[in-house]
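Next come the chains, spelled out residue by residue.
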Amino acid sequence: MLTISQFAATAGVTVRTVRHYHHVGLLPEPERDASGYRRYSAQAAVDLIRIRTLADAGVPLARIDALLHAQPAEFAAAVTDIDAELQRKIDQLTEYRRRISQLDSGERLVLPPEVVAILNRMRSLGVSERRVLLERDSWILMQALNPQVMPQRIRDKNAGFDDPETTRLYLACDQSVDWDPYDPRLDRLIDDLDAWEIKHERDSSRGEYLKLVSSRISEASPAWQRIVDALAHRAERRRTAGHDKTHDRRPPRG
């Protein structure tokens, strides 16, 4: 007869594991001897080895008891079922590993490949990582709040970067991030951006793209905020002037 320490050693497990098997009902507890110690039989050792083998193979503890008492055909069917479940878990973990290996800086986890391609294109053009990450956050917000516009925005973004002048202005805005809001260079940049918007203002699809600095992004820089405010003010003056001219051309009544 074996003490609990000797019993555990036969299967290469700890005494704590043996007690856990007792607690969950996998292994009956033997009666204590006259000295108050539990003594384990050879059959109990065989059962423990079978339990440990099944557990090491990935069989859930809740299913081990049924397997220990199953007929050969039942055992084979149960093992096949358990093997299929383990394979599903392996496939799931493999997919997790594949996705993790493609995460880069987390973009592939939350954005479609077409947007990730745009962000990588920005990096290849020399756009700062700070600006790329702000752009990434804007795409995440757009996808969450207004996903139906994503395909058109993707086309507009790529069209913008296909245009050398648009790309030049985009890079200039990126470089101005840390400028003083009243830096003279910012005045020239605002003039260039305003001229660009006038040139493209009738192209509605590109006009939407041509807000080179969105409100979300302008929060990151006082210089960018001044660009946004100045362009909005000039656009409003043009709309007002256009309205006044239309009004002046109306024929007099009566």
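How each quantity is defined
Residues numbered from 1 in each chain as written. Predicted model: local features only at pLDDT ≥ 70, side-chain atom pairs only at ≥ 80, totals over all residues. Heavy atoms only, no water. Helix = DSSP H or I, 4+ residues; strand = E, 2+ residues; numbered from the N terminus. Buried < 20%, exposed > 50% of the residue type's maximum accessible area, 1.4 Å probe, protein only. Contact = heavy atoms within 4.5 Å. Areas by Shrake-Rupley, 256 points an atom, 1.4 Å probe, with all protein chains shown as cover. pLDDT = per-residue confidence, 0-100. Axes fitted to C-alpha atoms, helices over the stretch in contact; angles between N-to-C directions. Parallel < 35°, antiparallel > 145°, perpendicular 65-115°, else oblique. Nonpolar A, V, L, I, M, F, W, Y, C, P; charged D, E, K, R; others polar. Salt bridge = Lys/Arg side-chain N within 4 Å of Asp/Glu carboxyl O. Expected span 1.5 Å × (residues − 1). Core = buried A, V, L, I, M, F, W, Y, C linked by side-chain atoms within 4.5 Å. Polar contact = N/O pair within 3.5 Å; in protein donor to acceptor, adjacent residues only side chain to side chain. Phe/Tyr/Trp six-rings, centres within 6.5 Å; stacked < 30°, edge-to-face > 60°. Patch = residues over 30% accessible without salt bridge, like charges linked within 9 Å, V, L, I, M, F, W, Y side chains within 5 Å.

### Details of the overall build of the protein chain
For step 1, the next point in the chain: Scanning the protein chain for helices and strands turns up 14 helices and 0 strands.
For step 2, the next point in the chain: Listed N to C, the secondary structure of the protein chain is α-α-α-α-α-α-α-α-α-α-α-α-α-α in terms of helices and strands.
For step 3, the next point in the chain: The burial tally for the protein chain puts 30% of its 254 residues in the buried class.
For step 4, the next point in the chain: A sequence separation of at least 24 residues applies to 59% of the contacts in the protein chain between residues at least 6 apart.
For step 5, the next point in the chain: Split by element, the accessible area of the protein chain, about 16,200 Å² in all, is 54% carbon and sulfur.

### Focus: the confidence of the model for the protein chain
Low-pLDDT portions of the prediction should not be read for the details of their coordinates.
For step 1, the next point in the chain: Across the protein chain, the average pLDDT comes to 83, with 85% of residues at 70 or higher.
For step 2, the next point in the chain: Within the protein chain, no element has a lower average pLDDT than helix α12 (residues 204-209), which sits at 42, and none a higher one than helix α7 (residues 113-125), at 93.
For step 3, the next point in the chain: Every residue in residues 204-213 is under pLDDT 50, and counting partners more than four places away or in other chains gives 28 contacts.

### What about the packing of helix α9 (residues 150-162) against helix α10 (residues 164-175)?
For step 1, the next point in the chain: It is at 5 Å that the axes of α9 and α10 come closest, and there the two elements cross at 95°. For the element pair α9 / α10, the angle class is roughly perpendicular. Along the contact surface, α9 presents K157, G160, F161 and D162, while α10 presents P164, T166, T167 and Y170.
For step 2, the next point in the chain: Here the residues of the contact of α9 with α10 are counted per class, giving 3 nonpolar, 3 polar and 2 charged.

### Side note on the pattern of salt bridges
For step 1, the next point in the chain: Tallied over the full model, the rule gives 19 salt bridges.
For step 2, the next point in the chain: Put simply, R136 and D137 hold a salt bridge, and the shortest N to O gap is 3.1 Å.
For step 3, the next point in the chain: Taken together, the shared-partner salt bridges in this structure form one network comprising D191, D194, R234 and R238.

### Re α10
For step 1, the next point in the chain: Taking 1.5 Å as the rise per residue, α10 with 12 residues should run 16 Å; its terminal C-alpha atoms sit 16 Å apart, in good agreement.
For step 2, the next point in the chain: Turning to α10, its buried residues are T166, T167, L169, Y170, A172, C173 and D174.

### A look at the nonpolar core
For step 1, the next point in the chain: With 21 residues, the main nonpolar core has F7, V18, L27, L48, I51 and I64 as its most contacted residues.
For step 2, the next point in the chain: Elements that contribute at least two residues to this core include exactly α1 (4-11), α2 (15-23), α3 (42-56), α4 (61-68) and α5 (72-101).
For step 3, the next point in the chain: Not counting chain neighbours up to four residues away, the residues in contact with L48 comprise F7, A8, A11, V13, V18, Y21 and L27.
For step 4, the next point in the chain: One finds L134, A223, I227 and A230 within the second-largest nonpolar core, a separate group that totals 16 residues.

### Regarding the side chain of R131
For step 1, the next point in the chain: For R131, the position within the fold is in helix α8 (residues 129-145).
For step 2, the next point in the chain: Polar contacts involving the side chain of R131 include one to the side chain of E135, which spans 2.8 Å.

### Considering the packing of aromatic side chains
For step 1, the next point in the chain: Applying the stated criterion across every chain, the model contains 2 aromatic pairs.
For step 2, the next point in the chain: Their ring planes at 5° and their centres at 4.0 Å tell us that F7 and Y40 sit as a pair that is stacked. Taken together, the residues F7 in helix α1 and Y40 in the loop between α2 and α3 connect sequence positions 33 residues apart.
For step 3, the next point in the chain: Overall, F7 belongs to the buried group, its relative accessible area being 0%.
For step 4, the next point in the chain: A relative accessible area of 2% means that Y40 is categorised as buried.
For step 5, the next point in the chain: Relative to Y170, the ring of F161 has its centre 5.1 Å away and its plane inclined at 70°; by these criteria the two rings are edge-to-face. Pair check on accessibility: F161 and Y170 agree, each one buried.

### Observations concerning a nonpolar patch on the surface
For step 1, the next point in the chain: A cluster of nonpolar side chains, contributed by L109, V110 and I140, occupies part of the molecular surface with about 220 Å² of accessible area.
For step 2, the next point in the chain: Tracing the sequence through the fold places I140 in helix α8.
For step 3, the next point in the chain: What makes I140 partly exposed here is its relative accessible area of 30%.

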